[in-house]
Amino acid sequence: MATAPTPPIHHTNDDSVRLLHPMFTSCGNYVRIHTFADGSCFYHALAGALGRYSAGDSLEVIRQVGLELRAEAVGTADGWDAFLVSRGFGSDATRSALEVRDWEVAARYDVYANDLLWNLAAETLGICIAVIQSPCVVYTTHDMSTLQELHQDVVVLCWIDQNHFEPVLREQVSPNGLPRGRFRYDDPLVHAIARIVDC
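Quick summary incoming for the structure in this document.

### What to know about the packing of helix α2 (residues 41-49) against helix α3 (residues 59-74)
Here is step 1: Interhelical geometry of α2 versus α3 gives an angle of 105 degrees and a closest axis separation of 8 Å. Considering their axes alone, α2 and α3 lie roughly perpendicular with respect to each other. Between α2 and α3, the residues in contact are Y43, H44, L46 and A47 and I62, R63, V65, G66, L67, L69, R70, A73 and V74, respectively.

### So, unusual backbone geometry
Here is step 1: Despite not being glycine, D161 has its phi angle at roughly 55 degrees, a positive value.
Here is step 2: For D161, the position within the fold is in the loop between β5 (154-160) and β6 (164-170).
Here is step 3: Phi angles above zero are rare outside glycine, and Q162 is one such case at about 50 degrees.
Here is step 4: Along the polypeptide, Q162 turns up in the loop between β5 and β6.

### Quick notes on the environment of D81
Here is step 1: Structurally, D81 is set in helix α4 (residues 77-86).
Here is step 2: Along the primary structure D81 and W103 are separated by 22 residues, whereas in three dimensions their C-alpha atoms are 7.8 Å apart.

### Quick word on the pairing of β5
Here is step 1: Counting buried positions along β5 yields six of seven residues, so the element is predominantly enclosed.
Here is step 2: Relative to β5, strand β3 (residues 128-134) is paired through five bridges, and the arrangement is parallel. Note that in β5 the partner of I132 across the bridge is C158.
Here is step 3: Judged from the two bridges that link them, β5 and strand β7 (residues 182-183) form a sheet pairing that is antiparallel. The residue of β7 that forms the bridge with V155 is R182.
Here is step 4: Across four bridges, β5 lies against β6 in antiparallel orientation.

### Some details on α3
Here is step 1: If you check α3, its first and last C-alpha atoms are 23 Å apart, about what 16 residues at 1.5 Å a residue would give, namely 22 Å.
Here is step 2: Along its buried surface, α3 packs onto α2, α6 (103-106) and α7 (115-125).
Here is step 3: G75 lies just past α3 and shows a positive phi near 75 degrees.

### A short note on the nonpolar core
Inside soluble globular proteins, nonpolar side chains tend to come together where they are buried.
Here is step 1: Membership of the largest hydrophobic core comes to 41 residues, with the highest contact counts inside it found for F42, Y43, L46, W80, I129, L157 and F165.
Here is step 2: Setting aside chain neighbours within four positions, we find F42 in contact with A113, L117, W118, A121, I129, L157 and F165.
Here is step 3: In this structure, A130, M144, L147 and A194 belong to the second largest nonpolar core, which totals 17 residues.

### Concerning the environment of T124
Here is step 1: For T124, the position within the fold is in helix α7.
Here is step 2: For the pair T124 and E72, spaced 52 residues apart in the sequence, the C-alpha separation amounts to 7.9 Å.
Here is step 3: Non-local contacts of T124, meaning those with residues more than four positions away in its chain, are made with E72 and A73.

Definitions and cut-offs
- Residues numbered from 1 in each chain as written.
- Predicted model: local features only at pLDDT ≥ 70, side-chain atom pairs only at ≥ 80, totals over all residues.
- Heavy atoms only, no water.
- Axes fitted to C-alpha atoms, helices over the stretch in contact; angles between N-to-C directions.
- Helix = DSSP H or I, 4+ residues; strand = E, 2+ residues; numbered from the N terminus.
- Parallel < 35°, antiparallel > 145°, perpendicular 65-115°, else oblique.
- Contact = heavy atoms within 4.5 Å.
- Buried < 20%, exposed > 50% of the residue type's maximum accessible area, 1.4 Å probe, protein only.
- Pairing = 2+ DSSP bridges.
- Expected span 1.5 Å × (residues − 1).
- Core = buried A, V, L, I, M, F, W, Y, C linked by side-chain atoms within 4.5 Å.

See below:
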């Protein structure tokens with residue numbers, strides 16, 4: 001299996017935690033945190049939300065964890081093909097319309113995640129991913145009304161200027177023992193997102 005070259009580290013000195021828009025803070029204390037901007041920020045944000053690294057880990061460890069999550073989420077070439085077929089992209093003709101057609105491209109660290117890769121990650125990891133573009137625009141990988149019946153947790157990511165992802169975390173440790181960025185269907189934040197999606 002071919003592996004992507006090691007990406008350079010692009011890290012800002014802004015490690016501060018940022019508060020969310022008041023609409024989201026009104027249903028609890030949630031924050032978003034910095035992620036690497038190396039083309040895999042979607043996966044770095046997922047890793048942070050899923051508690052795959054600790055606050056005390058080095059920048060190199062944190063970055064590597066995000067890249068490993070990308071490899072896990074994108075999977076194998078056969079898995080990629082099966083996923084595309086399941087989404088109606090079985091032929092070369094239908095795949096020609098895709099921005100990311102080939103597994104080798106999807107697996108590269110410097111290829112930005114699009115909605116197809118969001119859905120693949122959600123399916124592979126067994127979660128619903130909610131992407132907040134603005135207080136009025138949210139994209140989800142699942143129908144929000146089916147979360148309880150599917151027993152799926154939600155990971156919430158901010159999509160800043162449609163260019164960079166950061167995870168949304170609880171400010172405090174979760175009362176149900178979940179990682180700070182993994183939310184159950186009955187969490188107030190999930191209800192707030194569902195109201196936006198239903199508009």
